[in-house]
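What follows is each chain in one-letter form.
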Amino acid sequence: MLPIPSFSLHHIHPILVNFTAALVPSSLGSDLMGRVSKRISLSHAGWWMIAIAAIVTPLTAAAGLLWKKDVQAVTPPTLLHLHMWLGIGISVFLILLAIWRGAIHSRDQFASTSYLTVALLLMGALVYQASLGGLMAFGF
């Protein structure tokens, strides 16, 4: 039998990160496929995924701020601060993106080119953010 790992509230950040990492690209992919195939059900899926990401991501950032005290002694301050502020910025930006996407969804329309472009830029920031987190977790 495998041992039960220890758990702390500080472990929530690396767990929640995976939801954002999955939901944002999946939302963008669903919106793109929905627009190309003209299937509104894919567009609806894109909306729900970005809505859930907009709820989870600020919780992820808050959990990261709690975890910061545990990792700051072993993480270069510049890297930690960049990861922290980028995470907070992504959280705020994601909420705004979800509000925009909600307005599109309420009109039962497909995501616009401008929305898709901004969502792609957000995903790029998220990939960079994840690479910083990976450096902190697995070595720098």
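Values in this document were obtained by computation on a predicted structure and should not be read as measured data.

Draft legend 1. A look at the nonpolar core. By size, the foremost hydrophobic cluster in this structure holds 20 residues, and its most contacted members are Val-24, Ile-50, Leu-94, Leu-97, Tyr-115 and Leu-122. For this core, the elements supplying multiple residues, two or more each, are α1 (12-37), α2 (40-71), α3 (77-106) and α4 (113-138). Looking at this core, the element that brings in the most residues is α2, giving six residues. When near neighbours in sequence (up to four residues on either side) are disregarded, Val-24 contacts Ile-50, Ala-53, Leu-94, Leu-122, Met-123 and Leu-126. Counting five residues, the second largest nonpolar core, distinct from the first, contains Val-71, Leu-79, Leu-80 and Met-136.

Draft legend 2. Expanded view of the environment of Ser-41. With respect to the secondary-structure elements, Ser-41 resides in helix α2. On a C-alpha basis, the gap between Ser-41 and Phe-110 in space is 9.9 Å, while along the polypeptide they are 69 residues apart.

Draft legend 3. Examining a nonpolar patch on the surface more closely. Side chains of Phe-7, Leu-9, Ile-15 and Phe-19 sit close together on the surface and give an oily, nonpolar patch of about 450 Å² of accessible area. Examined against the element boundaries, Phe-7 turns out to sit in the segment before α1.

Draft legend 4. Structural view of the pattern of salt bridges. In this structure the tally under the stated criterion is one salt bridge. Across the salt bridge formed by Arg-101 and Asp-31, the nearest N and O atoms sit 2.8 Å from each other. Note that Arg-101 is positioned in helix α3 and Asp-31 in helix α1, a separation of 70 residues in sequence. When its relative accessible area of 1% is taken as the criterion, Asp-31 is described as buried.

Draft legend 5. The side chain of Ser-91, seen in detail. Relative to the helices and strands, Ser-91 is located in helix α3. Among the residues examined, Ser-91 registers a relative accessible area of 6% and is labelled buried. In this structure the side chain of Ser-91 is engaged in a polar contact, spanning 3.5 Å, whose partner is the backbone oxygen of Thr-57. When near neighbours in sequence (up to four residues on either side) are disregarded, Ser-91 contacts Thr-57, Pro-58 and Ala-61.

Draft legend 6. Up close: the packing of α1 against α2. Between α1 and α2, whose axes approach to 7 Å, the crossing angle comes to 160 degrees. Regarding the angle of α1 to α2, the classification is roughly antiparallel. Helix-helix and strand crossings are classified by hand; for α1 and α2 the assignment is left-handed. Considering only residue class, the contact of α1 with α2 consists of 19 nonpolar, twelve polar and one charged.

The rules behind the values
Residues numbered from 1 in each chain as written. Predicted model: local features only at pLDDT ≥ 70, side-chain atom pairs only at ≥ 80, totals over all residues. Heavy atoms only, no water. Core = buried A, V, L, I, M, F, W, Y, C linked by side-chain atoms within 4.5 Å. Buried < 20%, exposed > 50% of the residue type's maximum accessible area, 1.4 Å probe, protein only. Helix = DSSP H or I, 4+ residues; strand = E, 2+ residues; numbered from the N terminus. Contact = heavy atoms within 4.5 Å. Patch = residues over 30% accessible without salt bridge, like charges linked within 9 Å, V, L, I, M, F, W, Y side chains within 5 Å. Areas by Shrake-Rupley, 256 points an atom, 1.4 Å probe, with all protein chains shown as cover. Salt bridge = Lys/Arg side-chain N within 4 Å of Asp/Glu carboxyl O. Polar contact = N/O pair within 3.5 Å; in protein donor to acceptor, adjacent residues only side chain to side chain. Axes fitted to C-alpha atoms, helices over the stretch in contact; angles between N-to-C directions. Parallel < 35°, antiparallel > 145°, perpendicular 65-115°, else oblique. Left-handed = near helix turned anticlockwise from the far one by under 90°. Nonpolar A, V, L, I, M, F, W, Y, C, P; charged D, E, K, R; others polar.

Shape is all these values report; function is a separate question.
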